[in-house]
Amino acid sequence: MATYLVEDARKVTTHRLLEMKQQGKKIAMLTAYDYTTASIVDGAGVDCILVGDSASNVMAGNLTTLPITLDQMIYHARSVVRGVKRALVVCDMPFGTYQVNPTEGVRNAIRIMQETGADALKLEGGVEILDTVRTILEAGIPVMGHLGLTPQSINKFGTYAVRAKEEAEAQKLLSDAQALEEVGCFAVVTEKIPAALNAQVCQSLRIPIIGIGAGSSDGQVLVVDDMLGKNNGFSPKFLRRYADLHTIMTNAIGAYVADVKSGDFPNASEQY
Ligand code: KIV
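## Let's talk about the site of the ligand
The local shell around the ligand consists of Thr31, Leu50, Gly52, Asp53, Ser54, Asp92, Lys122, His146, Val189, Glu191, Ile212 and Val223. Lysine 122 is positioned such that a nitrogen or oxygen atom in its side chain is 2.9 Å from an oxygen atom of the ligand. Burial of the ligand by the protein amounts to 95% of the accessible area it has alone, namely 260 Å². Counted by class, the shell around the ligand contains four nonpolar, four polar and four charged residues.

## What about the environment of arginine 241?
Take arginine 241: it is sitting in the loop between α10 (224-227) and α11 (245-262). A relative accessible area of 36% places arginine 241 in the partly exposed class. C-alpha separation for the pair arginine 241 and asparagine 101, spaced 140 residues apart in sequence, amounts to 39 Å. Every residue in contact with arginine 241, bar those within four places of it in the chain, is listed here: Asp226, Met227, Gly229, Asn231, Asn232, Phe234 and Ser235. From its side chain, arginine 241 meets the backbone oxygen of asparagine 231 in a polar contact 3.4 Å long. Looking at arginine 241, its side chain comes within polar contact range of the main-chain oxygen of phenylalanine 234, at 2.8 Å.

## Some thoughts on the state of the cysteines
In total, this model carries zero disulfides according to the counting rule given. Among the cysteines around cysteine 91, which has no disulfide bond, cysteine 48 carries the closest sulfur, lying 12 Å off.

## Section: the pairing of strand β1 (residues 27-31)
β1 sits mainly inside the fold: four of its five residues count as buried. As paired elements, β1 and strand β8 (residues 219-222) share four bridges and run parallel to each other. Bridging across to β8, alanine 28 finds its partner in glutamine 220. Both β1 and strand β2 (residues 48-51) contribute to a ladder of three bridges, which runs parallel. Residue pairing across strands places methionine 29 opposite cysteine 48, the latter belonging to β2. For the segment spanning β1, helix α2 (residues 35-43) and β2, crossover handedness is right-handed.

## Section: the pattern of salt bridges
Where charged atoms of side chains with opposite charge meet at close range, the side chains can pair. Tallying each qualifying case throughout the model produces 15 salt bridges. Of the charged contacts in the structure, one is a salt bridge between aspartate 218 and lysine 21, with a shortest N-O distance of 2.8 Å. Of this pair, aspartate 218 sits in the loop between β7 (209-212) and β8 while lysine 21 sits in helix α1 (residues 14-22), and the two are 197 residues apart along the sequence. Here the two residues aspartate 218 and lysine 21 agree in accessibility, since each one is buried. The residue aspartate 71 makes a salt bridge to arginine 111 at a minimum N-O spacing of 2.7 Å. Taken together, the residues span a long stretch of sequence, with aspartate 71 in helix α4 (residues 70-83) and arginine 111 in helix α5 (residues 102-116) at a distance of 40 residues. The exposure class assigned to arginine 111 is partly exposed, which follows from its relative accessible area of 28%. In this structure, a network of salt bridges that share partners links the residues Asp8, Arg10, Arg16 and Glu19.

## Structural notes on the nonpolar core
One finds Leu121, Leu123, Val133 and Met144 to be the most contacted residues of the largest nonpolar core, which totals 77 residues. Counting residues per element, this core draws most heavily on helix α8 (residues 167-183), at seven residues.

## A look at the packing of α8 against helix α9 (residues 195-204)
In the contact formed by α8 and α9, the axes pass within 10 Å of each other and the chain directions differ by 25 degrees. Comparing their axes, α9 and α8 come out roughly parallel. In this structure, the crossing between α8 and α9 has a hand that is right-handed. Residues Ala170, Leu173, Leu174, Ala177 and Gln178 of α8 pack against Leu197, Gln200, Val201 and Ser204 of α9. Taken together, the residues of the contact of α8 with α9 sort by class into six nonpolar, three polar and no charged.

## Quick notes on unusual backbone geometry
Of the consecutive residues phenylalanine 265 and proline 266, the connecting peptide bond is found in the cis state with omega at 0 degrees. Here proline 266 is to be found in the segment after α11. Despite not being glycine, alanine 164 has its phi angle at roughly 60 degrees, a positive value. Taking relative accessible area as the criterion, alanine 164 reaches 3% and is therefore assigned buried.

## Description of the sheet that holds strand β4 (residues 120-122)
Two modes of strand pairing occur in sheets, parallel and antiparallel, and in both the strands are linked by backbone hydrogen bonds. With parallel pairing, the eight strands of this closed barrel are ordered in space as β1-β2-β3-β4-β5-β6-β7-β8. Going across the sheet, the axis of each strand differs from the next one's by a mean of 25 degrees, ignoring polarity. Across two bridges, the pairing between β7 and β8 is parallel. Along β8, the bridge assignment pairs isoleucine 210 with glycine 219.

Here is what the cut-offs are and how they apply
Residues numbered from 1 in each chain as written. Predicted model: local features only at pLDDT ≥ 70, side-chain atom pairs only at ≥ 80, totals over all residues. Heavy atoms only, no water. Near = heavy atom within 4 Å. Polar contact = N/O pair within 3.5 Å; in protein donor to acceptor, adjacent residues only side chain to side chain. Areas by Shrake-Rupley, 256 points an atom, 1.4 Å probe, with all protein chains shown as cover. Nonpolar A, V, L, I, M, F, W, Y, C, P; charged D, E, K, R; others polar. Helix = DSSP H or I, 4+ residues; strand = E, 2+ residues; numbered from the N terminus. Buried < 20%, exposed > 50% of the residue type's maximum accessible area, 1.4 Å probe, protein only. Contact = heavy atoms within 4.5 Å. Disulfide = S-S within 2.5 Å. Pairing = 2+ DSSP bridges. Right-handed = clockwise from strand over helix to strand, strands pointing away. Salt bridge = Lys/Arg side-chain N within 4 Å of Asp/Glu carboxyl O. Core = buried A, V, L, I, M, F, W, Y, C linked by side-chain atoms within 4.5 Å. Axes fitted to C-alpha atoms, helices over the stretch in contact; angles between N-to-C directions. Parallel < 35°, antiparallel > 145°, perpendicular 65-115°, else oblique. Left-handed = near helix turned anticlockwise from the far one by under 90°.

See the structure below:
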């Protein structure tokens, strides 16, 4: 069995991520939504685990991230935290829990932190949510930003196409990233933006930029089910598949069905 050596076995902190950028060390981040997957992801040496609201798509089969609730995110995050020893655990604030006003945002942020044991939160958006980000930071909660293709705004965008190809949107993304750094965010996710723009963001910010479909970055994030090939119907250009779990699982389950039907399972050594 392969073993995965991590250079530094200590619990990853937001400060450590900043040091990694300063030292030119790349940050590996993946999503997880349950205890078992989180313990595998953590044991394999991932630095940062995101309890993404992509759980809405991946776990619940919704078309968008909008339907997932605060209680559901708390359930997922609590399960993930129980499985993690080393990685920094970041939980997404779901749609509708921070957009109304800073007071409601910080109240929901405190609930997630208290009830899950997560290390930090991620919020989508730039200057529009800056007051809320500031209020959450003032409560002592670390915040990761998320710019570019922000899936909670899919109804406004109307498409999952690459964002910020036009100059005006690129300039806004750059100034949003700077505003998030200035207010005190410890990192920013950039999703599906041109690689040249992302390079500019990485260069102009002190805090780490974690890209997804954004080219070279201070770190990378992928949805764990996608990179493991569980869902073979989703294959965007930026996705690298490291396994074909869809085929492996289908074959294993098919073999089980055949064994049950034939009476081969259970055999004499598989009973009491
Ligand atoms: O919810 C999620 O999985 C995310 C990543 C795609 C960054 O936000």
